[in-house]
Structures are given as C-alpha cells and as structure tokens.
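Examination of the molecular architecture
The residues making up each chain are set out below.
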Amino acid sequence: MNYDEFFAMAESRGLRIESGQIAPESTVFLSNEALFQLPLLAMVIMILAKGHRKPMPEELGQLVGECLERAVAGFKGSPQGIGWSANLRIRTVKALTFLEIAGLVTVHARRQTITLNELGKKVVDRVLASQTQLALALATIERSYQNIAAETAFQARL
C-alpha cells in the first residue's frame, strides 16, 4: 500500500483522528520566566550601570523591569507588569551579587549607586561592538533606560 492508497482507504472507511479542542490563535506574550535568566539580567544591570545616571540598588528591580517592558516586543502591552514582579526583583539581586563578586560592578554604600568597573566596561563594550542580536537588544535596553531617566528628570521639574 502506498501513500495515496492509505488515505483513500481511510477516507472510504470514515476514519478520523480526534484531536480535542484546538484553541483559537491568541497573542502570545512572553512569561516572566522567559526573561528572568541571570545572564540576561546581569547584562541589563551592566548596561544600566554604564549610563550617566547611575541606578540605585533599591530601584534596580523596578528599572530592569521597566526597561525590559519597553524594549522586548513580547512585553509591550502585556498585562503582566513585570516591573512589580517579586521574582524579577529576587533574580535581579542574585545577578547583582554575581556581578559584584565577579568584579564587574561596584555597589557604593555611601553614594547608594551601582557603577561599572573597568572589567565590566570591557565586557559591555565588546558585546555592544559585536553585530549580534544581543548587541541590538542591549542597545535598545540602554535607550529605554535613557528615556526613563529623561522622563523622571522631566517629571521632577514639573
């Protein structure tokens, strides 16, 4: 029996395969778990620490969430509000701890800021200089952070 004969016989006998209910296509958003990976969060933290306005440790989780919401297409218009996610904040702290232990960033207790060390600058510069999807994504996140900082400064003046 060949391919055509098989389907002709199945059709003549009325054979059907029940597949259950197929859900209609819906807009697919990334879940929080999709972005809460420590290497990505570490790179985002280094990008934020690279900017002119140095982030404060207590606002880092919120800033990372806002930047990801603005820069990643799957989160634009998402009802999840990842900037307020406790899971994101916990993993951001873990990523920051890793960066500090690795000597890539410094958390200044007195000034309450996070700055990029020389080794961290080399890593970020090398990634941004490459022609990869990661470089494009990080440049978009960097631009989002600059926009957030500008909006915050503008609101403070009002």
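Anything mentioned here points back to the structure above.
Presented here is an overview of the structure given in this document.

Analysis parameters
- Residues numbered from 1 in each chain as written.
- Predicted model: local features only at pLDDT ≥ 70, side-chain atom pairs only at ≥ 80, totals over all residues.
- Heavy atoms only, no water.
- Helix = DSSP H or I, 4+ residues; strand = E, 2+ residues; numbered from the N terminus.
- Buried < 20%, exposed > 50% of the residue type's maximum accessible area, 1.4 Å probe, protein only.
- Contact = heavy atoms within 4.5 Å.
- Areas by Shrake-Rupley, 256 points an atom, 1.4 Å probe, with all protein chains shown as cover.
- Core = buried A, V, L, I, M, F, W, Y, C linked by side-chain atoms within 4.5 Å.
- Pairing = 2+ DSSP bridges.

1. Comments concerning the overall build of the protein chain
Helices and strands together make up the secondary structure of the protein chain, namely 7 helices and 2 strands. Across the 158 residues in the protein chain, those meeting the buried criterion constitute 34%. Considering only contacts in the protein chain between residues 6 or more positions apart, those separated by 24 or more positions represent 62%. A total of about 10600 Å² of accessible surface is found on the protein chain, and carbon and sulfur atoms cover 58% of it.

2. Observations concerning the nonpolar core
Nonpolar side chains in soluble globular proteins generally cluster together in the buried interior. Within the largest apolar cluster, 30 residues are counted, with the highest numbers of intra-cluster contacts made by Met46, Leu48, Val64 and Ile141. For this core, the elements supplying multiple residues, two or more each, are helix 3 (38-50), helix 4 (60-71), helix 5 (86-101), strand 2 (113-116), helix 6 (118-129) and helix 7 (133-157). When sequence neighbours within four positions are dropped, the list of residues in contact with Val64 reads Leu41, Val44, Ile45, Leu48, Leu88 and Thr92.

3. Brief notes about the environment of Val105
Counting through the fold element by element, Val105 comes out in strand 1 (residues 105-108). Taking the C-alpha atoms as reference, Val105 lies 8.6 Å from Glu118; in sequence the two are 13 residues apart. Leave out the neighbours within four places in its chain, and Val105 touches Met46, Leu96, Leu99, Glu100, Ile114, Thr115, Leu116 and Asn117.

4. Quick notes on the pairing of strand 2
Burial along strand 2 is two-sided: the residues Thr113 and Thr115 and Ile114 and Leu116 are all buried. Note that strand 1 and strand 2 share 4 bridges and pair antiparallel. Looking across to strand 2, one finds that Val105 is bridged to Leu116. What sits between the antiparallel neighbours strand 1 and strand 2 is a turn of 4 residues, in which Gln112 has the positive phi angle 55 degrees.

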